[in-house]
Amino acid sequence: MKYPSQPPVVQKRPGGRAEIVRKKVVSAVIALIKNGNMHFSYNEVADLSGVNKTTLYRRWPSQIDLLQDVLQEHNRPVEIKGKDSWAKTLDAGLRELARHFSKGEEIAMNLSFISSPDVEESNMMLAQWQPIQSNFIRLIKAAQEKGEIPSSLDPAALFTVIISPLVLMTIAGRKEIEENKLNEIIKVLSVLTTRPER
């Protein structure tokens, strides 16, 4: 008796052609944004990446689709982990966010974001920050449960207070946050967020 043969197992290669194309396009878009061109054309992306315009439109039918993919890749390296105390978590988290906010392309994106009249683009950019915000809020709640942060503080509002000086300094200065200024921000936020409840 003959058994039907099993269909061949198709192995997807990590780093296959599609991934190589995606990385070239993402790198090209980030380079354009870093140079202040947030509203690039597909012709510019094709020229810089070496990827055919037809391929761009097939994979990313709109600029919003392309920006979404680029922002996911851009934000992926931001990793904030909890430490053994809130002070250490805050220090590590602020240093990681400061590093990220100080990137040229991040400064250009934030400048574009605050000046853009395009609501869809603004909403998409905010949505890309959701995983980072959710993770930081989870760390704030964990510190509240351990009694290190007053439970009366709203975690989402506290996250906004924590990142605001970083965003403001990088946008206003259009450069990396200086180490001494970052140390002062960390010191102030550590004192303010760990003040005992009255």
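Colleague: Talk me through the overall build of the protein chain; I want residue IDs and the actual numbers.
Modeller: Secondary structure summary: the protein chain contains 10 helices and zero strands in total. Moving toward the C terminus, one meets the helices and strands of the protein chain in the order α-α-α-α-α-α-α-α-α-α. Here the C-alpha atoms of the protein chain give a radius of gyration of 21 Å, more than 25% beyond the 16 Å that 2.2 N^0.38 yields for 198 residues. Expressed as lengths along the three principal axes of its C-alpha atoms, the size of the protein chain is roughly 75 × 55 × 30 Å. When the 198 residues of the protein chain are sorted by exposure, 40% land in the buried category. The contacts in the protein chain between residues at least 6 apart in sequence include a share of 65% that link residues at least 24 apart. Just so you have it, the protein chain exposes about 11900 Å², and 55% of that area is on carbon and sulfur atoms. If the 27 positive side-chain charges of the protein chain are averaged to one point and the 23 negative ones to another, these points end up 6 Å apart.

Colleague: Could you give an account of the side chain of Glu-105, naming the residues involved and the relevant values?
Modeller: By the element assignment, Glu-105 lies in helix 6 (residues 104-115). One buried charged side chain, Glu-105, makes no salt bridge at all; its nearest oppositely charged neighbour is Lys-34, positioned 4.2 Å away.

Colleague: Just give me the short version of the environment of Gln-144, but keep the residues and values in it.
Modeller: As for its placement among the helices and strands, Gln-144 is situated in helix 8 (residues 130-145). Considered as a pair, Gln-144 and Leu-56 are 88 residues apart in the sequence and their alpha carbons are 46 Å apart. Those residues within four positions of Gln-144 in sequence are excluded, and the remaining contacts are Ile-149, Pro-150, Ser-151, Leu-153 and Pro-155.

Colleague: So what about the pattern of salt bridges? Which residues, and what values?
Modeller: A full pass over the atoms with the stated rule returns 12 salt bridges. Arg-22 serves as the salt-bridge partner of Glu-19, at 2.9 Å between the closest nitrogen and oxygen. In this pair, Glu-19 and Arg-22 both sit in helix 1 (residues 17-34), three residues apart, roughly one turn of the helix. According to the relative accessible area criterion, Glu-19 is partly exposed, its value standing at 26%. Using a relative accessible area of 9% as the deciding quantity, one classes Arg-22 as buried. A network of salt bridges, in which partner residues are shared, links Glu-19, Arg-22, Asp-69, Glu-73 and Arg-76.

Colleague: If you had to explain the environment of Phe-101 to someone new, which residues and values would you point to?
Modeller: Of note, Phe-101 is situated in helix 5 (residues 86-101). The buried category is assigned to Phe-101, whose relative accessible area is 2%. In this structure the C-alpha to C-alpha distance between Phe-101 and Ile-163, which are 62 residues apart in sequence, comes to 9.5 Å. Setting aside residues no more than four positions away along its own chain, Phe-101 makes contact with Glu-106, Ile-107, Asn-110, Trp-129, Ile-163, Leu-166, Val-167 and Thr-170.

Colleague: Give me the lowdown on the nonpolar core, citing residues and values where you can.
Modeller: With 26 residues, the main nonpolar core has Trp-86, Leu-97, Phe-136, Ile-140, Ile-162 and Leu-166 as its most contacted residues. Every element with two or more residues in this core is listed here: helix 5, helix 8, helix 9 (155-173) and helix 10 (179-193). What Trp-86 contacts, discounting residues up to four positions off in sequence, is Phe-136, Leu-139, Ile-140, Ala-143, Glu-148, Ile-149, Ile-162, Thr-193 and Thr-194. Within the second largest apolar cluster, 24 residues are counted, among which are Val-26, Tyr-42, Val-51 and Trp-60.

Colleague: I'd love a proper account of the layout of surface pockets, names of residues and values included.
Modeller: Over the atoms a probe the size of a water molecule is rolled, and this reveals where empty space is left. Looking at the largest pocket, its volume works out to about 340 Å³. If you go around the largest pocket, you meet 20 residues; those closest to its centre are Asn-110, Phe-113, Leu-126, Trp-129 and Ile-163. Contributing elements (two or more residues each) for the lining of the largest pocket: helix 4 (63-75), helix 6, helix 7 (119-128), helix 8 and helix 9. For the lining of the largest pocket, the residue count by class is 12 nonpolar, seven polar and one charged.

Colleague: Describe in detail the packing of aromatic side chains, supporting the description with residues and values.
Modeller: The geometry of an aromatic ring pair is captured by the separation of the ring centres together with the interplanar angle, meaning the angle of the planes. Per the stated rule, a full pass over the model turns up four aromatic pairs. The interplanar angle of 55° and the centroid separation of 5.5 Å between the aromatic rings of Phe-136 and Phe-159 together place this pair among those described as tilted. A residue pair is termed long-range when its members are at least 10 positions apart, and Phe-136 in helix 8 and Phe-159 in helix 9 qualify at 23 residues. Looking at Phe-136, the relative accessible area reads 0%, which means it is buried. Residue classification places Phe-159 among the buried residues on the basis of a relative accessible area of 4%. An aromatic cluster is present here, built from Trp-86, Phe-136 and Phe-159 joined pairwise through their rings.

Conventions and cut-offs
- Residues numbered from 1 in each chain as written.
- Predicted model: local features only at pLDDT ≥ 70, side-chain atom pairs only at ≥ 80, totals over all residues.
- Heavy atoms only, no water.
- Helix = DSSP H or I, 4+ residues; strand = E, 2+ residues; numbered from the N terminus.
- Rg over C-alpha atoms; globule rule 2.2 N^0.38 Å.
- Buried < 20%, exposed > 50% of the residue type's maximum accessible area, 1.4 Å probe, protein only.
- Contact = heavy atoms within 4.5 Å.
- Areas by Shrake-Rupley, 256 points an atom, 1.4 Å probe, with all protein chains shown as cover.
- Lys, Arg positive; Asp, Glu negative; His and termini not counted.
- Charge placed at Lys NZ, Arg CZ, Asp CG, Glu CD.
- Salt bridge = Lys/Arg side-chain N within 4 Å of Asp/Glu carboxyl O.
- Core = buried A, V, L, I, M, F, W, Y, C linked by side-chain atoms within 4.5 Å.
- 1 Å grid on protein atoms, 1.4 Å probe; cavity = no way out; pocket = protein on both sides within 12 Å on 5 of 7 lines; lining within 4 Å.
- Points joined across faces, edges and corners; volume = space filled by probe spheres on them.
- Nonpolar A, V, L, I, M, F, W, Y, C, P; charged D, E, K, R; others polar.
- Phe/Tyr/Trp six-rings, centres within 6.5 Å; stacked < 30°, edge-to-face > 60°.

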